[in-house]
Amino acid sequence: MKTKSLEIVKRQQLKEKPSAGVPFGTTFTDHMFIMEYEEGIGWHDARITPYSPLTLDPAAMIFHYGQTIFEGLKAYRTEDDRILLFRPEKNFERLNLSGERLSIPPVDEEGVLEYLKTLIELEKDWVPSTPGHSLYIRPFIIATEPNLAVSPSKTYRMMILLSPVGPYFPGGLKPVTIHVEQEFTRAVKGGTGMAKTAGNYSSGYQAQAGAKKTGNADVLWLDGIEKRYIEEVGSMNIFFKINGEVVTPALSGSILKGVTRMSIIEVLNCWGIPVTERRIAIDELHDLYEKGQVEEAFGTGTAAVISPVGELNWGDKKMVFNDHNIGELSQKLYDTITGIQTGRRPDDFNWTVEVK
């Protein structure tokens, strides 16, 4: 897969660029990337075309068996007008990891990254310069073979969409209130929890709606077997600072391997702050909280980077952290990661990739 085979068809009339504060995922750039796969041929026909609706056969297997994977990353404009990606190679590495679980053929990670750079270069005027804003990037693959047989598709389509977005917390970083979910299950070991696939998200809607009815922003998922061990919060990884040590659930096969999660752990190691990946039970966390040993809680993910947790509601038990204020470590981690992403801080980890 070489970028020299990339066909580019430009849009004749460009869209008007949006003002600041666009809702997440509602506005899209002028162009998109598309690539096809056919068994026996491999990935081919890579192209950048004007953004437009798709035409798919009603029997396309994506509609019937949900064979699809996706990723999410961002491009940032620096104060000196450069465009940076944050660890994009990890996203395409994870895309293939998800693809393996969903029986989707792998893409050439380096080649697809080059295609993405070309797409962003074409759409560079869409990368916001307003502080806190960025260009969200959504690569995804769908099964396209028109066939109702219950088996992996023989054809696929990969696409990359670009969408300018505002800050996750428009009013600033604010701790959220979370409901500990005890009825519904997000994933189980051996399932698809470690893959970034559509069903993992839509299956959580009912629990999330129930949480919001009781005044909670989202849910904390427990393991699907014992309903005891902490896994993720909403669509983010979760961390707790306990007695000066940072603890996060170990990747057990039902937890997504977050790029932000990985970066947080590496930063903590660099700072000499103890960080442990292990199983942590909700009752253990509550016992530690009762003893005054839980100092901070926060979620991590592409959209928010850091989402401080101000309160956990577990049945009739309530755990309040820092009087609903942002913890010192949470704030420091947020400032560090976002500083690297936007070029405001030195990238000592060599995480950013410039689009030239």
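Overview of the structure. Every value quoted in this text rests on a predicted model; they were computed, and no experiment measured them.

Broken down by element type, the protein chain carries 8 helices and 18 strands. If you line up the protein chain on its principal axes, its C-alpha atoms span 60 × 55 × 35 Å. Out of the 356 residues belonging to the protein chain, those deemed buried represent 52%. Within the protein chain, contacts between residues separated by at least 24 positions form 71% of all contacts whose residues are at least 6 apart in sequence. By element, 49% of the accessible surface of the protein chain is carried by carbon and sulfur atoms, the whole surface being about 16,400 Å².

This next bit is on the environment of A75. Position of A75 relative to the elements: it lies in strand β5 (residues 73–77). For A75, a relative accessible area of 0% corresponds to the buried category. With 37 residues separating them in the primary sequence, A75 and E38 have C-alpha atoms 30 Å apart. Beyond its immediate stretch of four places on either side in the chain, A75 contacts I83, L84, L85, I120, V127, S134, L135 and I137.

What follows covers the nonpolar core. Of all hydrophobic cores here, the largest spans 38 residues; its most connected members are L116, I120 and M158. Top contributing element to this core by residue count: helix α3 (residues 109–122), with 6 residues. Aside from chain neighbours lying at most four places away, what touches I120 is A75, I83, L85, V127, I137, L162 and V355. Counting 27 residues, the second-largest nonpolar core is a separate cluster that includes M236, F240, I242 and I282.

On to the packing of aromatic side chains, then. The tally for this structure, following the rule as stated, stands at 10 aromatic pairs. Across from the ring centre of Y229, 3.7 Å away, lies the NZ or CZ of R279, which sits over that ring. The residue whose ring lies beneath K332 is W271, and the NZ or CZ to ring-centre distance is 4.2 Å.

Helix α8 (residues 328–341) packs onto helix α6 (residues 259–271) with a crossing angle of 110° between their chain directions and a minimal axis gap of 11 Å. Between α6 and α8, the interaxial angle falls into the category roughly perpendicular. Here α6 contributes S263, I264, V267, L268 and W271 to the contact with α8, which in turn contributes L329, K332, L333, T336 and I337. By residue class, the composition of the contact of α6 with α8 is 7 nonpolar, 2 polar and 1 charged.

This brings us to unusual backbone geometry. Positioned with a positive phi, K227 is a non-glycine residue whose angle comes to about 55°. Here the phi dihedral of N243 falls at roughly 55°; this positive angle occurs in a residue that is not glycine. Among the structural elements, N243 can be located in the loop between β12 (236–242) and β13 (245–249).

Moving on, we get to the pattern of salt bridges. Across all of its chains, the model carries 19 salt bridges by this definition. When the shortest N-O distance is used, the salt bridge between R87 and E266 registers 3.2 Å. Placement of R87 in the loop between β6 (83–86) and α2 (88–101) and of E266 in helix α6 is noted, with a sequence separation of 179 residues between them. A salt bridge links E277 to R261; the shortest N-O distance between them is 2.7 Å. Of this pair, E277 sits in strand β14 (residues 275–278) while R261 sits in helix α6, placing them 16 residues apart in sequence. When its relative accessible area of 41% is taken as the criterion, E277 is described as partly exposed. Judged by relative accessible area, which is 4%, R261 ranks as buried.

A few words on the side chain of E311. Examined against the element boundaries, E311 turns out to sit in strand β16 (residues 305–314). A distance of 3.0 Å separates the side chain of E311 from the side chain of H324, its partner in a polar contact.

If you add up the space inside the largest pocket, you get close to 1,100 Å³. For the largest pocket, the lining is made up of 46 residues, of which F24, Y168, Y201, S235 and A303 are closest to its centre. In terms of residue class, the lining of the largest pocket is built from 21 nonpolar, 17 polar and 8 charged. Its boundaries defined by the atoms lining it, the second largest pocket holds a volume of some 540 Å³. Among the secondary structure elements, those contributing two or more residues to the lining of the second largest pocket are β5 and α8.

Parameters and conventions
- Residues numbered from 1 in each chain as written.
- Predicted model: local features only at pLDDT ≥ 70, side-chain atom pairs only at ≥ 80, totals over all residues.
- Heavy atoms only, no water.
- Helix = DSSP H or I, 4+ residues; strand = E, 2+ residues; numbered from the N terminus.
- Buried < 20%, exposed > 50% of the residue type's maximum accessible area, 1.4 Å probe, protein only.
- Contact = heavy atoms within 4.5 Å.
- Areas by Shrake-Rupley, 256 points an atom, 1.4 Å probe, with all protein chains shown as cover.
- Core = buried A, V, L, I, M, F, W, Y, C linked by side-chain atoms within 4.5 Å.
- Phe/Tyr/Trp six-rings, centres within 6.5 Å; stacked < 30°, edge-to-face > 60°.
- Lys NZ or Arg CZ within 6 Å of the ring centre and 35° of its normal.
- Axes fitted to C-alpha atoms, helices over the stretch in contact; angles between N-to-C directions.
- Parallel < 35°, antiparallel > 145°, perpendicular 65-115°, else oblique.
- Nonpolar A, V, L, I, M, F, W, Y, C, P; charged D, E, K, R; others polar.
- Salt bridge = Lys/Arg side-chain N within 4 Å of Asp/Glu carboxyl O.
- Polar contact = N/O pair within 3.5 Å; in protein donor to acceptor, adjacent residues only side chain to side chain.
- 1 Å grid on protein atoms, 1.4 Å probe; cavity = no way out; pocket = protein on both sides within 12 Å on 5 of 7 lines; lining within 4 Å.
- Points joined across faces, edges and corners; volume = space filled by probe spheres on them.

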